[in-house]
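Survey of secondary and tertiary structure
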Amino acid sequence: SDVSLSVSISSRELFSPSQKYQLLVYHADSLFHDKEYRNAVSKYTMALQQKKALSKTSKVRPSTGNAASTPQSQCLPSEIEVKYKMAECYTMLKQDKDAIAILDGIPSRQRTPKINMMLANLYKKAGQERSSVTSYKEVLRQCPLALDAILGLLSLSVKGAEVASMTINIIQSIPNLDWLSVWIKAYAFVHTGDNTRAINTICSLEKKSLLRDNVDLLGSLADLYFRAGDNKNSILKFEQAQMLDPYLIKGMDVYGYLLAREGRLEDVENLGCRLFNISDQHAEPWVVSGCHSFYSKRYSRALYLGAKAIQLNSNSVQALLLKGAALRNMGRVQEAIIHFREAIRLAPCRLDCYEGLIECYLASNSIREAMVMANNVYKTLGANAQTLTLLATVCLEDPVTQEKAKTLLDKALTQRPDYIKAVVKKAELLSREQKYEDGIALLRNALANQSDCVLHRILGDFLVAVNEYQEAMDQYSIALSLDPNDQKSLEGLQKMEKEESPTDATQEEDVDDMEGSGEEGDLEGSDSEAAQWADQEQWFGMQ
């Protein structure tokens, strides 16, 4: 306590130098637990100075053979542990350079696995990839089963075979560890963006009795299905993981986003409340609540909640995407671009980060920049249904590249006939060409094995264009049953009920992409206070 500390400073006789060192460390520890990080750093620094003085005294005055002094010196808090605690304080204060400096000062031979792990993560965050790789490898040398170090190396583009070679001895010496090499292979595919092979490998792992119903694997599988654009299977896997672990937080931000996209806002609200009851010190609950606000068109509140999530975790990709989307829909496109670029830096294999940035370019009529970015994504992530559709989306914006868009969409639909974004864009193209019968056939085929609000609504629009009014009403009703908040389906149904001229329904705006990119909307009055909060927040909370 402060009282003991004051007494130790005032009266040198009451406490020995080693006891004073202990007292300073314990006081700093209590400040750390009270989240008074700056004060804790100050006390840890004083403790290290005291330890230095203590070491000098020990060298000047050799041991008198007093046996009582030996146990006391053995019980002293480790100087290396004190430096680790200081580094923790600096990271909490977002002073990563100071954290690196304090840990770097520890001689290599004295660094424990947790010190090397912390250094590796800090180097990675600072963009010092070579130093980060060296530190992760040192962790694996000391602890060959450190899975986080394995993931760290794979995320820094170290080959899966090289990482596996560092664990081969331990795999061969311990029984029932044969799954580890397959696990490394699976996550090597994850970090190279090969979603299909990653999914297949993790599915084969999940079937093994040792890893059946493993929450971590299910979460990874859910995330991979999401990245591959298979939202249905992604939601299914998230639900399985959540049932196995009711206190699960990791990945729930993506789960909440998917539920919100499907119009299940009540489920999103319940998920947010459940997560806040578990912990409000993670980004995920704030992101889930932000998704609820965003899809309720309360953009300034979504902006505030996204900023709060970033403040808690500056590496939260989903928080950056939420805040970027809110800024874009509020007309603050340049600020949104900064957030999407940061998301791309953190997750270069996630297509939705690029989609957000390209939507910003298109919103500001920067078609050239959008085309360059879409082409880069196509080359980097490969020619799959998602990248083909993204490039086609940009091509549709330029009258010169309409035919190219058509070719790209046909390729995408050949690969994945049920890929919703490709179907929506192809329907948009057919609407422009007034090929409604072809559009109806395309949409019926896509809806044969799935049910989606946007597809039902666009089918309704096409049916109106060919005077099939009754079935059009049925399609609008199905769309609204899937997402009661879908404004365009509601408008289509109201037009039908009022028996207004159906020709208006053929406007191409009615088959717009429903990814939320163009949804403007007046801010609700209740958002005025949230807007003030949002303005007070830093963009990233990463400085």
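Residues numbered from 1 in each chain as written. Predicted model: local features only at pLDDT ≥ 70, side-chain atom pairs only at ≥ 80, totals over all residues. Heavy atoms only, no water.

**Details of helix α9 (residues 147–155)**
- If you check which residues of α9 are buried, you get Ala149, Ile150, Gly152, Leu153 and Leu154.
- Summarising the contacts, the buried residues of α9 are in contact with α7 (113–125), α8 (129–142), α10 (160–165) and α12 (179–191).
- Ser157, located one to two residues past α9, shows a positive phi value of around 70°. (Buried < 20%, exposed > 50% of the residue type's maximum accessible area, 1.4 Å probe, protein only. Helix = DSSP H or I, 4+ residues; strand = E, 2+ residues; numbered from the N terminus. Contact = heavy atoms within 4.5 Å.)

**Concerning the packing of aromatic side chains**
- A complete count under the given rule lists 8 aromatic pairs for this structure.
- Plain terms: the ring middles of Phe226 and Tyr257 are 6.1 Å apart, the flat faces sit at 80° to each other, and that makes the pair edge-to-face. Of this pair, Phe226 sits in helix α14 (residues 215–227) while Tyr257 is found in helix α16 (residues 252–261), placing the two residues 31 residues apart along the sequence.
- A relative accessible area of 17% places Tyr257 in the buried class.
- Note on Phe276 and Trp286: the rings are 5.0 Å apart at their centroids and 90° apart in plane angle, and the pair reads as edge-to-face. Pair noted here: Phe276 is in helix α17 (residues 265–278) and Trp286 is in helix α18 (residues 283–295), with a separation of 10 residues, a long-range link.
- With a relative accessible area of 14%, Trp286 lands in the buried category.
- The ring of Tyr21 is capped by Lys51, whose NZ or CZ atom sits 6.0 Å from the centre of that ring.
- Of note, Lys308 hangs over the ring of Trp286, and the distance from its end group to the ring centre comes to 5.4 Å. (Phe/Tyr/Trp six-rings, centres within 6.5 Å; stacked < 30°, edge-to-face > 60°. Lys NZ or Arg CZ within 6 Å of the ring centre and 35° of its normal.)

**Thoughts on the pattern of salt bridges**
- Overall, the coordinates contain 22 salt bridges when judged by the stated rule.
- Measuring nitrogen to oxygen at the nearest pair gives 3.1 Å for the salt bridge that ties Glu81 to Lys114. One end of the pair, Glu81, is in helix α5 (residues 79–92); the other, Lys114, is in helix α7, and 33 residues separate them in sequence.
- Judged by its relative accessible area of 30%, Glu81 is partly exposed.
- The shortest N-O distance in the salt bridge between Asp194 and Arg197 comes to 3.4 Å.
- A relative accessible area of 22% means that Asp194 is categorised as partly exposed.
- A single network of salt bridges, built from pairs that share partners, joins Glu239, Glu262, Arg264 and Asp267. (Salt bridge = Lys/Arg side-chain N within 4 Å of Asp/Glu carboxyl O.)

**Focus on helix α15 (residues 231–244)**
- The terminal C-alpha atoms of α15, which comprises 14 residues, lie 20 Å apart, in line with the 20 Å expected from a rise of 1.5 Å per residue.
- Along α15, the positions that sit buried rather than exposed are Ser234, Ile235, Lys237, Phe238, Ala241 and Gln242. Along the long axis of α15, the arc covered by the buried residues comes to 165°, so they all point the same way. For α15, the exposed residues set more than 90 degrees away from the buried face come down to Lys232 and Met243.
- Of the surrounding secondary structure, the elements contacted by the buried residues of α15 are α13 (195–206), α14, α16 and α17. (Expected span 1.5 Å × (residues − 1). Arc of directions from axis to C-beta.)

**Notes on the UniProt feature "repeat: TPR" (unreviewed entry) in the protein chain**
- Those residues carrying the UniProt feature "repeat: TPR" (unreviewed entry) are residues 317–350 and 453–486 in this numbering.
- Overall, residues 317–350 shows 79% helix and 0% strand. The separation of its end C-alpha atoms is 9 Å.
- Secondary structure within residues 453–486 divides into 79% helix and 0% strand; the distance between the first and last C-alpha atoms comes to 8 Å. (UniProt positions renumbered as here; feature names shortened; annotations may be inferred.)

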